[in-house]
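# Descriptive structure summary
The lines below spell out each chain.
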Amino acid sequence: MKAVHQELKPVADLVQKEKGIKVPYKFGTMIEIPRAALTAGEIATEAGVFSFGTNDLTQMTFGYSRDDAERHFIVKYLGAEDPSPNPSRRLTRTEWEG
């Protein structure tokens, strides 16, 4: 992240200087994998903004496609009597502690 930021900032500065304009922007990244989400504090030292790719995070964390899950087994799960919270929207302590 730091290397990419160091490479892109001078380009942005040069283009703004050449065009005679100042464009306010934030350097950011998309958080799409669990490791990135867990290390977001470190990434934030370089990134001014995050966008979370929840579909990718779901697929990598649980090993299934959110679209497939919501079309197939989650529908049956939510139709059950007294279902607990949707498992695709939370991590259990076991999954968190890994």
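Bear in mind that the values here come from a model prediction, so they are computed numbers and not experimental data. (Residues numbered from 1 in each chain as written. Predicted model: local features only at pLDDT ≥ 70, side-chain atom pairs only at ≥ 80, totals over all residues. Heavy atoms only, no water.)

## Quick word on the packing of aromatic side chains
What counts is decided by this rule: Two rings from Phe, Tyr or Trp (for Trp, the six-membered ring) form a pair when their centres sit within 6.5 Å of each other. Planes less than 30 degrees apart are called stacked, planes more than 60 degrees apart edge-to-face, and all others tilted. Note on exposure labels: buried denotes an accessible area under 20% of the residue type's maximum, exposed denotes more than 50%, and partly exposed covers the range between, all computed with a 1.4 Å probe on protein chains only.
Summed over all chains, the structure comprises one aromatic pair. Between Phe 50 and Phe 52 the ring centres are 6.0 Å apart and the planes differ by 80°, which places this aromatic pair in the edge-to-face class. Phe 50 sits in the partly exposed class, given a relative accessible area of 26%.

## Structural notes on the environment of Thr 61
Threshold: Numbering of helices and strands starts at the N terminus; helices are DSSP runs of H or I of at least 4 residues and strands are runs of E of at least 2. Two N or O atoms form a polar contact when they lie within 3.5 Å of each other; inside protein one atom must be a possible hydrogen donor and the other a possible acceptor, and for residues adjacent in sequence the pair counts only when both atoms belong to side chains.
On the secondary structure map, Thr 61 appears in helix H4 (residues 54–62). Sequence spacing of Thr 61 and Ile 33 is 28 residues, and the spatial spacing of their C-alpha atoms is 7.9 Å. A distance of 2.7 Å separates the side chain of Thr 61 from the backbone oxygen of Leu 57, its partner in a polar contact.

## Observations regarding the confidence of the model for the protein chain
We count it as follows: Each residue gets a pLDDT score, which is the predictor's confidence in that residue and runs from 0 to 100.
Residue-level pLDDT values for the protein chain average 81, and 79% of them are 70 or greater. Per-element confidence in the protein chain is highest for helix H1 (residues 2–19), whose mean pLDDT is 94, and lowest for helix H7 (residues 93–97), whose mean pLDDT is 55.

## With respect to the side chain of His 5
Defined as follows: The criterion used for residue contact is that any of the two residues' heavy atoms lie within 4.5 Å.
Along the chain, His 5 turns up in helix H1. On the basis of relative accessibility, which here comes to 18%, the residue His 5 falls in the buried class. With residues up to four places along the chain from it excluded, the contact list for His 5 reads Pro 10, Phe 27 and Glu 46.

## Topic: H1
Spacing of three or four residues puts side chains on the same side of an α-helix, whose turn is 3.6 residues. The criterion, for reference: Helices are assigned an expected span. That span is 1.5 Å times one less than the residue count.
In this model H1 runs 26 Å from its N-terminal to its C-terminal C-alpha over 18 residues, within 8% of the 26 Å that 1.5 Å per residue would give. Where H1 terminates, the next one or two residues include Gly 20, which has phi positive at roughly 70°.

## Details of the pattern of salt bridges
Spelled out, the test is: By definition, a salt bridge exists where a carboxyl oxygen of Asp or Glu is found within 4 Å of a side-chain nitrogen of Lys or Arg.
One pass over the full model with this rule turns up one salt bridge. Here Asp 13 ties to Lys 9 by a salt bridge, and the two come within 3.0 Å at their closest N and O atoms. Linking Asp 13 with Lys 9, this pair stays in helix H1, spanning four residues, or about one helical turn. Judged by relative accessible area, which is 33%, Asp 13 ranks as partly exposed. Assessed through its relative accessible area of 39%, Lys 9 is described here as partly exposed.

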